[in-house]
Amino acid sequence: MINAISTLSVLALLFGLGLGYAAIRFKVKGNPLVDQIDAILPQTQCGQCDFPGCRPYAEAIANGEAEINQCPPGGQEGVDALADLLGVETLLLDEEHGETKPKRVAVVDEKVCIGCTLCIQACPVDAFVGSSKVMTQVIADECTGCDLCLPVCPVDCIDMIEIKPTIKTYVPTLKELVHA
Amino acid sequence: MPNINFKGGLKIENPYPSNEIDLIRIPLPDKVVLPMQQRIGNQAIPCVSIGEHVLTGQIIATIDDDRCAPVHASISGTVSAIGNHVYAHQSGLKGLCVTIESDGKDEWVDTSIGCTENYKACLPLTIYDKIRISGIVGMGGAGFPTHTKMRLAAGCKNIIINATECEPGITCDAALMEAYPTKVIRGVEVLLHITGAEKAIIAIEDDKQKSIDELNKYCNNERIEIKVIPTKYTSGAEKILIKTLLGIEVPSGKFASDVGILCLNVATVVAMFDAVVENRPLISRAVTLAGSAIKEPKNLQVRLGATYDYLLSFVDLEEGSHKVTMAGLMMGINLKGTDYSVSKNTNCIFIDKVQESVVAQECIRCGMCNTVCPVELLPQQLYWFSKSENIEKAMDYNLLDCIECGCCSYVCPSNIPLVNYYQFSKALYKKQTQEKTQIEKARERFEFREMRLERNKRERAELMEAKKIALKEKMAKDKAQKEKIAAALERVNAVKIDNKEEDAS
Amino acid sequence: MQASFLNTNQIMRQVIYALVLGVGAQIYFFGFSVLIQILLGCITAVASEAIFLRLRGQTIKPSISDGSAVLTAILLAISIPSIAPWWVIVLGVLFAIIFGKQIFGGLGNNPFNPAMLGYAFLLISYPLQMTQWPSEFLSITHASETIFGLSSIDGLTGATKLDYVKTQLMMGASIKEIGSISISQLWINIGFLIGGIYLLFRRVILWQIPISLLSGVVVMSSILFLMDSNHYASSIFHLLSGATMLAAFFIATDPVSASTTPLGRIIYGFLIGILIVIIRVYGGYPDAVAFAVLLLNITVPLIDFYTQPKVLGK
């Protein structure tokens, strides 16, 4: 009886010391979880998640202050990826924050633009080229489709155009391929 | 001595055997539909307009990129349409095409200017450009621009001409070699001259005895070796061929040109010969028409852009709806209907009777797929990872090295379409990598913008501070001035009062 | 290695056909009771798989007709004593199908060999019934009566030769005194050996696992035999007793739970062979196939990971 108790106690002590040592020696510095979450978020900085940008939303998720399903541009895949990273059950995208739209870019109608530069100031990734009293246009490659330029334009000259797949950019789905 | 038997691969019987595979020249089609998006490179931009009259061999579309080849008119006539037409592609998407109605005359552009027989006097750069401007791309299926390949392999020691045609059922390369053996040999001689390589090997499978005999008859160049290899599927895959012929393994992710080898399909060599010596651009190719719904398989020499329906009018086709496959049974794609046109890499069209589709069962981990993979991958593992969309693990197991040959799908006892799973994973990987790059770029721009705004704010604040200090200094200076003046005035006044007092006394 | 170009259903059927000789030998020596066990097992297997597929919301017909459930039942029915009561095979098959296959997702998803899982479950839960082996030929009526509990089995049972050898060794007798391989075991194993060679020729199974398993048995038993030939049985004895041949060609070759890389299969088979001998000699059970196979099933992902072949170009 005494033997059993003492053996287990000694083992518990040894393992406890080992774990404690490992916790200190192999501690990961900083808080990379926020960085990892931020790397998954689509960086549109659109604010549909009710936070002022992707990084604040990432920090909120890391602190447990926000759910993982508040980001429409990331789509359901983004929610699943976050669930995977955090090791939690995945959720359905919360439609109240907006619906996932297919990839779009902004295009300025050049005949209507008045060169007010409000859109340049609004764009979170500086995807506009232009200046005061000079016609402004979008750099399509840089545009993330966040929609933030739409409400600020006083003459409503910005349209969101959907990017359609071409022969070069076509990505088949698993269903299409396997049941072909 | 490298082993000409490679691990994996399959011995597959020709599903459409025939005794006669002669290359048949068919009359000019009434119209051609030429696709602008070639397999490699950006979409070509048409440089002709509707209603314009064009000559055979005239360039009708160009690409800005020097590494890519332009598109030529394959018949003379009038451009009747420039619009979207469905492509012979897995996606079934439409793309830009130029349609030309034939005027029946087949008037050629001027083919007198060029390197001609005296190509040895031309600079290599001139010849590369000639090949480019003639629209020559790889005709074995990949469609890589030939001039770029040759440029990348400049200074290579070995040239391999891929005349194996290992995909079962296709015989257009064999027909071409039987019809134009001299062009093949002389084309190889052109290659030897431009690249300065030591020797060239024409690799051919042992089931093409007639082609072997014809080539041997016309080849008297010591630097050209005609090597016969055993007939086995995937013997013609570039990396496998290089390993069996030269014993060299092309490192994963690299190309033949990186190890000093130039490997070209035999049809490409003939087209290149036509371009360099006869100044004729690529406007036609040999196509195999076969299938269980076609009585006799035939090889036709057709103009690019001819419609499938036009070609099928030259064979004995059964009535009814059929299964249409392009580019072979193993690596080909299924198409719906026949409303397509021949492009530079259409090597065959198979029309088969519709069969009951087989339902795939569960994978029983038998490992048959592992035994037949010519690249020695583990298709079974790749399948399980692809199924669960675990792209990371699939990449660990060398997903991108898969050549999509279809050997694994062929032997699977559960009839699982394995290659489709790998195509899906590769496409998903490409999409994920692109998205990651875009997200990174967007984050960088956003962070820079934040920094820029911060910097502006800070600079403005500093400016205000500096102005404030300057103003203070100015005020202090003014004050000091004023005090000095006041003091001086006081002194002056004091002196004046003193003087007054003196005068009074 | 050219593939066999059979589809999955045909593969299962070929394996069942190849079992005929070995089962025939069992019937010759011990009567028709094994057929009753097989029948009971198959009915249970098909019924339980159908019910479970319905519960999982899958279509029943394609999965049942692939023959894998029937094969599991037959293998288990062959492995247990043929005069065991009817509920033994029923419970064993139920356990094998439900906990060995269906809860993992059906065919292709199970990490353990279902028949061996069922066998281990039975051995641990019902040791008495699982060690009462028939010692004489039983007619079909006698067999049915015994299995369905209508007549007693006293006087019909004896230990297997392996069991007998083990107990004798424990009591200090030497190998020479105990005697040689029993005739029944010899022929049953030869029957399965011939069936296995047939499967190899038809390329239904690949050579790596059977050859390496038998090699493992030979190597381990030879080492022990050379150390002390009085207390350890010879390699021939181990090869032709118990379920060695059945294991080599029919059980360890179950593709779903075995290793998948060529080198991995050699290691897998070899270690099973070694373990079989070790457990037989030093373990508490007379035959060790089930445990050896199950233990190696656990190590399969590890073996697979470290035996990947070199990819062309890397």
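Note: the structure precedes this text.
Report on the accompanying structure. From a predicted model like this one, the values you see are computed outputs, not experimental measurements.

### Let's talk about the interface of chain A and chain B
Reasoning step 1: Between chain A and chain B, the residue contacts involve 28 residues of the former and 28 residues of the latter.
Reasoning step 2: Across the chain A/chain B interface, buried area totals approximately 2,500 Å², and carbon plus sulfur atoms make up 59% of it.
Reasoning step 3: Our enumeration of links across chain A and chain B arrives at five salt bridges.
Reasoning step 4: Across the pair Arg452(B) and Asp126(A) runs a salt bridge whose closest N-O atoms are separated by 2.8 Å.
Reasoning step 5: For the pair chain A and chain B, the interface holds seven residue pairs in polar contact (both at pLDDT 80 or more).
Reasoning step 6: Secondary structure elements with two or more residues in the side of chain A that touches chain B: helix H2 (32-40), helix H5 (118-122) and helix H6 (174-178) of chain A.
Reasoning step 7: In the side of chain A that touches chain B, the residues fall into 16 nonpolar, six polar and six charged.

### Considering the packing of aromatic side chains
What characterises a pair of aromatic rings is the spacing of the ring centres plus the angle enclosed by the ring planes.
Reasoning step 1: Summed over the entire model, instances satisfying the criterion amount to 16 aromatic pairs over all chains.
Reasoning step 2: The interplanar angle of 80° and the centroid separation of 5.2 Å between the aromatic rings of Tyr310(B) and Phe314(B) together place this pair among those described as edge-to-face.
Reasoning step 3: Seen from their ring centres, Tyr28(C) and Phe29(C) are 5.1 Å apart, and the 90° between their planes marks the pair as edge-to-face.
Reasoning step 4: Tyr28(C) gets classed as exposed once you look at its relative accessible area, which sits at 61%.
Reasoning step 5: Each residue in the set Trp87(C), Phe95(C), Phe99(C), Phe121(C) and Tyr126(C) is aromatic and connected to the rest through ring pairs, giving one cluster.
Reasoning step 6: In this arrangement the basic side chain of Lys232(B) is found over the ring face of Phe6(B), its NZ or CZ atom lying 4.6 Å from the centre.
Reasoning step 7: Note that Arg280(B) overlies the ring of Trp108(B), its terminal NZ or CZ placed 4.3 Å from the centroid.

### Details of the pattern of salt bridges
Reasoning step 1: For the structure on display, the rule yields 29 salt bridges over all chains.
Reasoning step 2: The salt bridge partner of Arg55(A) is Asp38(A), with a shortest N-O separation of 3.4 Å. Of this pair, Arg55(A) sits in helix H3 (residues 54-62) while Asp38(A) is found in helix H2, placing the two residues 17 residues apart along the sequence.
Reasoning step 3: Residue classification places Asp38(A) among the buried residues on the basis of a relative accessible area of 3%.
Reasoning step 4: Residue Lys441(B) is joined to Glu142(A) by a salt bridge in which the shortest nitrogen-to-oxygen separation is 3.8 Å. Placement of the pair is Lys441(B) in helix H13 (residues 418-504) and Glu142(A) in the loop between strand E3 (137-138) and strand E4 (158-162), with the two residues belonging to separate chains.
Reasoning step 5: Note on Lys441(B): relative accessible area 34%, which makes it partly exposed.
Reasoning step 6: Here the salt bridges do not stand alone but share partners, grouping Asp35(A), Asp38(A), Arg55(A), Glu59(A), Glu440(B) and Arg443(B) into one network.

Parameters at a glance
- Residues numbered from 1 in each chain as written.
- Chains lettered and ligands numbered in written order.
- Predicted model: local features only at pLDDT ≥ 70, side-chain atom pairs only at ≥ 80, totals over all residues.
- Heavy atoms only, no water.
- Contact = heavy atoms within 4.5 Å.
- Buried area = accessible area lost by both parts, 1.4 Å probe.
- Salt bridge = Lys/Arg side-chain N within 4 Å of Asp/Glu carboxyl O.
- Polar contact = N/O pair within 3.5 Å; in protein donor to acceptor, adjacent residues only side chain to side chain.
- Helix = DSSP H or I, 4+ residues; strand = E, 2+ residues; numbered from the N terminus.
- Nonpolar A, V, L, I, M, F, W, Y, C, P; charged D, E, K, R; others polar.
- Phe/Tyr/Trp six-rings, centres within 6.5 Å; stacked < 30°, edge-to-face > 60°.
- Buried < 20%, exposed > 50% of the residue type's maximum accessible area, 1.4 Å probe, protein only.
- Lys NZ or Arg CZ within 6 Å of the ring centre and 35° of its normal.

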